Amino acid sequence: MTVDHTVRLRFSDDSQAAATHTNLSAVRRDGPVLWIAGDETATVERLLADDPERPTEFGDEARFRLADLVDLPGADADEEADVEGLARSGHFLWAVGSHSLRRKQIKGHHDGPKALKRLARVEGQDNRQILVRLPVADAGGVPTPVREKVVDGVVHRAAALSGRDDLRRMLRDDEHLAPFLAIPGKDNGLDIEGIAVRDDRLYLGLRGPVLRGWAFVLEVRPYVTADAPGRLRLRLFEDGRPYRKHVLDLDGLGVRDLCPDGDDLLVLAGPTMALDGPVRIYRWHGASRTEMPSIVRDDLISRELEVSFGEGDDHAEGLSMFGADRVLVVYDSPASARLTADGAVIADVLRLPR
């Protein structure tokens, strides 16, 4: 990987205290702002560019609690939502939780039966089971998520898919994915880690499961009704299901993020389990075509870039276009060299092959 240049992401004291800056999991460029999220909170952050044309730093952070905009399924509104993907399209900012279960870790002070007991414990968190659509308004020239926005006399409200309608419930009878619902994300269980929007279609990239080397992307078509404008529903496809499956040949890797580039989707891919690498960016050619096949073979997938990774750190988690021919990559567990004394984190800008 050759880094074209780097940019600084400067976070507030609150975000540093919450360790958002060292747990970055999603990013999306939106003109003069950068939408960003960490996987340990139930918030979305907005950073402003120092120069909208040639930014070298994004800062002046604003934090937006999801619970202030939509109803979250968890009893604790501030319980982590594990936001793993952000997308921006039309009037809306979209966010998706991982929908994954997690297994307790063995830490240095755990030993013997206690350590084994922790390793056997699997738990879920309700706030992870969310897909959120937030209207974005112009507040003093700055895009800002709001509870509702009126456009040409039409009221657009913040809406969510969660609770009784959540994606996990819809996958309970799926012949490929249902067996993995009870498995933690880091063990090749269900784990959503990427989102992209094209017109009325939304793509959800799965880090896991990966089956015989094939990675999954779910295609859904969310909508709302006048009687329940705060509740996302999913239109049915021809087979009667509320989702369509695509499987991609990513050389055995899972999806870490998705990013639109014209009619294509860029796919940030990495190991589905707790491994450091390899990490690559692939191009899914023509992904926005209405009748994209379920089996996405080599003729529709090309390997674009190798992305660097560390040993126990520098895990690439977020991908965004950064101009016409470059992408921005942000990292979970950044290496110490990426952390500055004033609380900023260094992100990489890579040039795409054309």
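Scope of this entry: the structure provided in the associated data block. (Residues numbered from 1 in each chain as written. Predicted model: local features only at pLDDT ≥ 70, side-chain atom pairs only at ≥ 80, totals over all residues. Heavy atoms only, no water.)

Scanning the protein for helices and strands turns up three helices and 28 strands. Dimensions of the protein along its principal axes, counting C-alpha atoms only, are 50 × 50 × 45 Å. Here the protein, with 354 residues, has 57% of them falling under the buried criterion. Counting contacts in the protein only where the partners sit at least 6 residues apart, residues at least 24 apart contribute 57% of the total. For the protein, the separation between the mean place of its 48 positive charges and that of its 61 negative charges on side chains is 4 Å. (Helix = DSSP H or I, 4+ residues; strand = E, 2+ residues; numbered from the N terminus. Buried < 20%, exposed > 50% of the residue type's maximum accessible area, 1.4 Å probe, protein only. Contact = heavy atoms within 4.5 Å. Lys, Arg positive; Asp, Glu negative; His and termini not counted. Charge placed at Lys NZ, Arg CZ, Asp CG, Glu CD.)

With that settled, consider the environment of glycine 31. With respect to the helices and strands, the residue glycine 31 is situated in the loop between strand E2 (24-30) and strand E3 (33-38). Sequence separation of glycine 31 and proline 260 is 229 residues, and the distance between their C-alpha atoms is 15 Å.

Moving on: the sheet that holds strand E24 (residues 295-296). Strand order in the open sheet formed by five strands is E15-E16-E17-E20-E24, and the pairing between neighbours is mixed. The strands lining the two open edges of the sheet, one partner per strand, are strand E15 (191-198) and E24. Of the pairings in the sheet, the one linking strand E16 (residues 201-208) to strand E17 (residues 214-220) comprises four bridges and is antiparallel in character. Counterpart to glycine 205 in the pairing with E17 is valine 217. (Pairing = 2+ DSSP bridges.)

This brings us to the side chain of arginine 244. Mapped onto the elements of the fold, arginine 244 is located in strand E20 (residues 244-249). Arginine 244 gets classed as buried once you look at its relative accessible area, which sits at 15%. Every residue in contact with arginine 244, bar those within four places of it in the chain, is listed here: Val217, Leu218, Glu219, Phe237, Glu238 and Thr290.

Formed by 25 residues in total, the largest nonpolar core has its most connected members in Trp94, Leu131, Ile195, Leu202 and Leu204. The set of elements that each furnish at least two residues to this core consists of strand E7 (92-97), strand E14 (159-161), E15, E16, E17 and strand E19 (228-234). Excluding anything up to four places from it in sequence, leucine 204 contacts Val96, Leu167, Ile192, Gly194, Ile195, Phe216, Val217, Leu218 and Leu258. By size, the runner-up hydrophobic cluster in this structure holds 24 residues, among which are Ala42, Ile130, Val132 and Val136. (Core = buried A, V, L, I, M, F, W, Y, C linked by side-chain atoms within 4.5 Å.)

Before going further, it helps to spend a moment on the pairing of E2. Working note: regular strand, side chains alternate between the two faces of the sheet. With seven of seven residues buried, E2 is to be regarded as a mostly interior element. In this structure, E2 lies alongside E3, joined through six bridges in antiparallel fashion. When the sheet's bridge partners are listed, leucine 24 is paired in E3 with glycine 38. Turn length for the E2-E3 hairpin, with the two strands adjacent in sequence and antiparallel, is two residues, and the turn residue glycine 31 shows positive phi of about 60°.

Attention now moves to the packing of aromatic side chains. Inspection of the entire model under this criterion finds three aromatic pairs. Geometrically, the ring pair formed by tryptophan 35 and phenylalanine 64 is tilted, given 6.4 Å between the ring centres and 55° between the ring planes. One end of the pair, tryptophan 35, is in strand E3; the other, phenylalanine 64, is in strand E5 (residues 57-65), with 29 residues separating them in the sequence. For the pair formed by tryptophan 35 and phenylalanine 64, the shared burial category is buried. Its end group placed over the ring of phenylalanine 237, arginine 221 keeps NZ or CZ at 4.3 Å from the ring centre. (Phe/Tyr/Trp six-rings, centres within 6.5 Å; stacked < 30°, edge-to-face > 60°. Lys NZ or Arg CZ within 6 Å of the ring centre and 35° of its normal.)

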